[in-house]
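Read off the chains here:
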Amino acid sequence: DTGVSQDPRHKITKRGQNVTFRCDPISEHNRLYWYRQTLGQGPEFLTYFQNEAQLEKSRLLSDRFSAERPKGSFSTLEIQRTEQGDSAMYLCASSLKSYNEQFFGPGTRLTVL
Amino acid sequence: GDSVTQMEGPVTLSEEAFLTINCTYTATGYPSLFWYVQYPGEGLQLLLKATKADDKGSNKGFEATYRKETTSFHLEKGSVQVSDSAVYFCALSDRRQTGANNLFFGTGTRLTVIP
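Nothing here was measured: the structure is a model prediction, and the numbers come from that model.

### Here's the deal with the overall build of chain A
Helix and strand counts for chain A stand at 0 helices and 11 strands. Seen in sequence order, chain A has helices and strands lined up from the N terminus as β-β-β-β-β-β-β-β-β-β-β. The C-alpha atoms of chain A give a radius of gyration of 13 Å, which matches the 13 Å a tight globule of 113 residues would have. Judged by the C-alpha coordinates and their principal axes, chain A covers about 40 × 25 × 25 Å. Per-residue burial for chain A yields a buried fraction of 49% across its 113 residues. Considering only residue pairs separated by 6 or more positions, chain A has 53% of its internal contacts joining residues 24 or more positions apart.

### A short note on the sheet that holds strand β1 (residues 5-7) of chain A
All names here are of chain A. In spatial order, the strands read β1-β3-β8-β7; together these 4 strands make up an open sheet with antiparallel pairing. Each edge of the open sheet carries a strand with a single partner, namely β1 and β7 (65-68). Pairs of neighbouring strands in the sheet enclose a mean axial angle of 15°, with direction left out of account. Alignment of β1 against strand β3 (residues 19-24), held across 3 bridges, turns out to be antiparallel. Residue pairing in the sheet places Q6 in a bridge with C23 of β3.

### Comments concerning the layout of surface pockets
When its volume is computed, the largest pocket comes out at roughly 610 Å³. Lining the largest pocket are 26 residues, and of these A:Q37, A:R109, B:Q38, B:V87 and B:R110 lie nearest its centre. Residue assignment for the lining of the largest pocket shows that the elements contributing at least two residues are β10 (86-93) and β12 (109-114) of chain B. Looking at which element gives the most residues to the lining of the largest pocket, the answer is β10(B), with 3 residues. In terms of residue class, the lining of the largest pocket is made up of 9 nonpolar, 12 polar and 5 charged. As a volume, the second largest pocket reaches approximately 480 Å³. Lining the second largest pocket are 20 residues, with A:E44, A:F45, A:S58, A:L60 and B:F104 positioned closest to its centre.

Analysis parameters
Every chain is numbered on its own, with residues counted from 1 as its sequence reads. Chain letters and ligand numbers both follow the written order, the letters beginning at A and the numbers at 1. The predicted origin of the model limits local features to residues at a pLDDT of at least 70 and limits the giving and counting of side-chain atom pairs to 80 or more, whereas totals for whole chains, interfaces and linings rest on all residues. The basis for the side-chain values is all heavy atoms of the structure; hydrogens and waters are excluded. Under the DSSP-based scheme used, a helix requires at least four consecutive residues in state H or I and a strand at least two consecutive residues in state E, with every element numbered from the N terminus. We compute the radius of gyration over the C-alpha atoms and compare it with the globule rule, which gives 2.2 Å times the number of residues raised to the power 0.38. To sort residues, take the accessible area from a 1.4 Å probe on protein chains only and compare it with the maximum for the residue type: under 20% means buried, over 50% means exposed, and anything in between is partly exposed. Between two residues, a contact is recorded if the distance between any of their heavy atoms is within 4.5 Å. Strand pairing is defined by DSSP finding a minimum of two bridges between the two strands. Angular values range over 0 to 180 degrees, each being the angle between N-to-C directions of two axes fitted as lines to C-alpha atoms, with helices fitted over their stretch in contact. Grid points spaced at 1 Å over the protein atoms alone were grouped into cavities, where a 1.4 Å probe fits but cannot get out, and pockets, open sets with protein on both sides within 12 Å along at least five of seven lines, with lining residues defined by an atom within 4 Å of a point. Grid points are joined across faces, edges and corners, and a volume is the space filled by probe spheres set on the points. Each residue gets one label: Ala, Val, Leu, Ile, Met, Phe, Trp, Tyr, Cys and Pro are nonpolar, Asp, Glu, Lys and Arg are charged, and the others, such as Gly, are polar.

Now the structure itself:
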């Protein structure tokens, strides 16, 4: 399977704990996006990488959120001191530089108790 | 700012019925428009797209035309099947200074097709 993969698929944590999610984009894609989707809503943009550089961050990305893409391949999204409001599906997408079509992974569903 | 307003669901149709899901947008530039579909238990998949005014995107019997004068991108299918049951998202992307093509999504419309 050469699509976008995300790990884990599900994560249940207690409030105040830190969590980290991983995204592996399609191998030749140099652009990577993170989105958050809450129940009954469409995905909302969180942050964007071009290769290893994080070029854009949404206002939704509070100081408790940090994302990295250290070698321009896989990316991680960390949430520190999780809150119940962080419960959502976290989606990763990747694309080629010259195209605007994004390919989405299956998502990581986070539940904060 | 950029935004998408999508017809609320859920929508329930009988097999072979005609489908329309309305979508209108607000954008400051010249966006590209998309319909994404999410089948039960699966990730988002691109269904069709249009990159400029009057373009028609089509795929799997679905069509949508980029109407700049009405800022709309309505999704249509002439004869739906049970397998079309899914959540449909209208989205736009607007090229930004960073080079990103962030997608702005509507809230989604759940379609259920009954035999």
